[in-house]
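Topology and contacts: notes
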Amino acid sequence: MKKNKTAPYVIPLALLLTVVPLIVRLHTFQTNLAQFDWYMTDNEGADFFLYYKSVAVTIIAAVMCLLLLYRYKAKQKEFKLSYQFLPVAAYAVLTLLSSIFSEYRYFSFHGVSQIFETVWVLLGYCVIAFYAYQFVNTIEDVDSIMFWLTVGLAVMLVIGILQAVGHDLFGTDFGKMLITGWTTDLDKIDLVFEKGRVFLTLYNPNFVASYFALMIPVEIALFIKNKSLIYRVVYAVMLAASLVCLLASGNRSGIVAFAVTIVLTLILLYKYIFRAWKFVVPAVVVAALIMGAYISQNDFIIEKFVKLFSAPDQAEDAVSEIITGDEDVKVTYLGQVFHVSYESDENGYVAINIVDDQNEQIANVLDQETSTYNVTDERYPGLGLQPVRLGDYIGVNVKVDGRDWYFVKGEDGTYYYFNVYGRLDKINNAPRVAVNFLEKKFEERGTIWSKTIPMLKDCIFFGSGADTYTVTYPQDDYVDKVYDGTTTAIDQKPHCFYLQVATQSGIPALLAVLAFYIWYFISGFKIYRKASYQDGLEIMGAGFYLAAFTYMVISFLNDSTVAVAPIYWIMMGMGISINEILKKRNEKTADPQHKAGKG
């Protein structure tokens, strides 16, 4: 038997597919977010799912760089280059420059809480893709990597099925001790989502959909490629378990993505699907039964799916804008504007002044019992003003639309909002786009997108830097937060991979990422619509092709995460390598001189 010389080089890829996704370990750190007034004063943070994955990806990518350098020096004739990686190089350079010149470069190089997708991780993705391309050259290489992918997936499925039936490993004392080092007070740890919700070891159920977007097409390819009954039974069981976990994650974006992928699959493989109806029909029936059985017992799947494309009818917010200005606080209430200011003396007496937009006094009466000035002007129903003491500050409480808004005159003499953390901050009335189309849609993603898109005007050349979305997104849009009931929530990601790249690495970087994938998509389409699928490379190549496509579709609604993204970049690298092999083989077969010589 011929020895597989690339086997040792598979180890880094095996670790990324098998070990890294399973890493769950307590890490305590300083968030460095207390410097922002929209955040709490406590800098203490804790992470279980992402920090050590980030460290592992960075280290493995560094080792890959050394192995690539060795291969280039020792076996230069075998070293492969491809123009398809030029967009990846451009993306890497633009991401690095965006991070170096970032106003918040600390987060780019150290990571931000609950994300930890640093510049080193993003550059690592590029290295991972090129490494997989470099060292996957035969079906034996693919089989070796797929073995480790199967092992990692099997462990994930055990964890996922246990979570689906309400026995989450991380909800047990043993599981908690396993991930904390046996020293932490176990009663204070709560990693569990609602009972029966699958999140695996990926931190968030949303990422479960991204994970299975990559895994299910590859599982199907492995099922088709392996003719042995034992292998087919194993992969059939894994496919069923994967579908259960995907459904139990409660993520609708995965269902949408696979619906789109089915269309592409029919375009590419309709001839072979009809021929293999004996396998396809039972598979469809089993999948339908699993989905029907699960949905019948879990109404929230349908409810959340409906919410993905619709939003409940809501009246416009009574308070549409608040400006904490230099001279006063300007409030737009029911379309009418009023201005509030106050003066206080050493004895704590507060004189409140309220005028309309024409600087005319607004009529009010004083309630002696509550010290509240109740406005009697019909333009401002229910409006009241009350002097208050807020810790060391003297301020004014503006009671409007049943809500209390506290404002304080700062040391600089200008007005500030006294937020839920007891900190003074200016209110940011963040610009939005496509409000009627996006607001409240896609389970609040649309609201985030409507505020994120205006951020792109500052990303024409470079973005804000890797892992800086949290600190550049308008977290200080307090009017929106109060009316949404999310005063303590921090939006840390745009819930869209494409907006994530554009805002952090820049619009040119996004174009580079799109060029990389579109190049792969077009070249793969030309190959797989003509393939006979009698060869293992063609089958696996098609599996990677459909997996990457599903991932890119789901990425419209999900972000990149260090828990899943390395798998995508591995499959892209392997897919490009397989496509090159198949293209050369097809060209050689179609060459008339080759045919004549063969005869």
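Our subject is the structure that appears above.
Residues numbered from 1 in each chain as written. Predicted model: local features only at pLDDT ≥ 70, side-chain atom pairs only at ≥ 80, totals over all residues. Heavy atoms only, no water.

Quick look at helix H7 (residues 173-180)
Along H7, the residues classified as buried are Gly175, Lys176, Ile179 and Thr180. Down the axis, H7 shows its buried residues gathered within 120° of arc, on one side only. Looking at the residues trailing H7, positive phi occurs at Gly181, about 85°. (Buried < 20%, exposed > 50% of the residue type's maximum accessible area, 1.4 Å probe, protein only. Helix = DSSP H or I, 4+ residues; strand = E, 2+ residues; numbered from the N terminus. Arc of directions from axis to C-beta.)

Examining the nonpolar core
Residues Met146, Tyr211, Phe212 and Phe544 are the most contacted members of the largest nonpolar core, which totals 127 residues. For Met146, the contacting residues outside a window of four places in its chain are Val218, Leu222, Met540, Phe544 and Met574. Ranked by size, the runner-up nonpolar core spans 43 residues in total, among them Ile354, Ile394, Ile427 and Val471. (Core = buried A, V, L, I, M, F, W, Y, C linked by side-chain atoms within 4.5 Å. Contact = heavy atoms within 4.5 Å.)

What about the packing of helix H6 (residues 139-164) against helix H19 (residues 536-554)?
Closest axis-to-axis distance for the H6/H19 pair is 10 Å, and the angle between their directions is 50°. Relative to H19, the element H6 is oriented oblique. With respect to the hand of their crossing, H6 and H19 are arranged in left-handed fashion. Contact with H6, carried on its side by Ile139, Val142 and Met146, involves Gly536, Leu537, Met540 and Phe544 of H19 and no other residues of that element. The residue makeup of the contact of H6 with H19, split by class, is six nonpolar, one polar and no charged. (Axes fitted to C-alpha atoms, helices over the stretch in contact; angles between N-to-C directions. Parallel < 35°, antiparallel > 145°, perpendicular 65-115°, else oblique. Left-handed = near helix turned anticlockwise from the far one by under 90°. Nonpolar A, V, L, I, M, F, W, Y, C, P; charged D, E, K, R; others polar.)

Section: the packing of aromatic side chains
Taken as a whole and assessed by the stated rule, the structure comprises 45 aromatic pairs. With 5.4 Å between their ring centres and 65° between their planes, Phe109 and Trp120 make a pair best called edge-to-face. Placement of Phe109 in helix H4 (residues 105-110) and of Trp120 in helix H5 (residues 119-135) is noted, with a sequence separation of eleven residues between them. Residue classification places Phe109 among the partly exposed positions, given a relative accessible area of 24%. What links up through ring pairs into an aromatic cluster is the set Tyr72, Phe79, Phe85, Tyr91, Tyr125, Phe130, Tyr133, Phe516, Tyr551, Tyr568 and Trp569. (Phe/Tyr/Trp six-rings, centres within 6.5 Å; stacked < 30°, edge-to-face > 60°.)

Structural notes on the side chain of Thr324
Along the chain, Thr324 falls in strand S3 (residues 319-324). Within the structure, the side chain of Thr324 is placed 3.1 Å from the backbone nitrogen of Ile427, a separation counted as a polar contact. Those residues in contact with Thr324 that sit more than four places away from it in its chain are Phe407, Tyr415, Tyr416, Tyr417, Lys426 and Ile427. (Polar contact = N/O pair within 3.5 Å; in protein donor to acceptor, adjacent residues only side chain to side chain.)

Side note on the environment of Thr172
Looking at the element boundaries, Thr172 is found in the loop between H6 and H7. Taking relative accessible area as the criterion, Thr172 reaches 34% and is therefore assigned partly exposed. Taking the C-alpha atoms as reference, Thr172 lies 9.9 Å from Asp190; in sequence the two are 18 residues apart. In this structure the side chain of Thr172 is engaged in a polar contact, spanning 3.0 Å, whose partner is the backbone nitrogen of Gly175.

Examining the pattern of salt bridges
Inspection of every chain in the model, using the stated rule, returns 14 salt bridges. The closest approach of N and O atoms between Asp477 and Arg432, which form a salt bridge, is 3.6 Å. Linking Asp477 in the loop between helix H15 (469-472) and helix H16 (478-484) with Arg432 in the loop between strand S13 (424-425) and helix H13 (435-438), this pair joins segments that are 45 residues apart in sequence. Look at Asp477 and you get buried, because its relative accessible area is 3%. Residue classification places Arg432 among the partly exposed residues on the basis of a relative accessible area of 29%. Its salt-bridge partner being Arg432, residue Asp480 comes within 2.9 Å of it at the nearest N-O pair. On the criterion of sequence distance, the pair formed by Asp480 in helix H16 and Arg432 in the loop between S13 and H13 is long-range, its members being 48 residues apart. Linked through salt bridges whose partners overlap, the residues forming this network are Arg432, Lys451, Asp477 and Asp480. (Salt bridge = Lys/Arg side-chain N within 4 Å of Asp/Glu carboxyl O.)

So, the pairing of strand S1 (residues 27-30)
The side-chain alternation of S1 yields one buried face, formed by His27 and Phe29, and one unburied face, formed by Thr28 and Gln30. Sheet topology note: the S1/strand S2 (residues 44-47) ladder contains four bridges and is antiparallel. The residue bridging Phe29 from the neighbouring strand is Gly45, located in S2. (Pairing = 2+ DSSP bridges.)

Let's talk about the pairing of strand S9 (residues 384-390)
With five of its seven residues buried, S9 lies for the most part within the structure. In this structure, strand S8 (residues 372-375) lies alongside S9, joined through two bridges in antiparallel fashion. By the bridge assignment for S9, Asn374 is matched with Gly384. Direction of pairing for S9 relative to strand S10 (residues 393-400): antiparallel, over a ladder of seven bridges. Following the sheet pairing, Gln386 is matched in S10 by Asn397.

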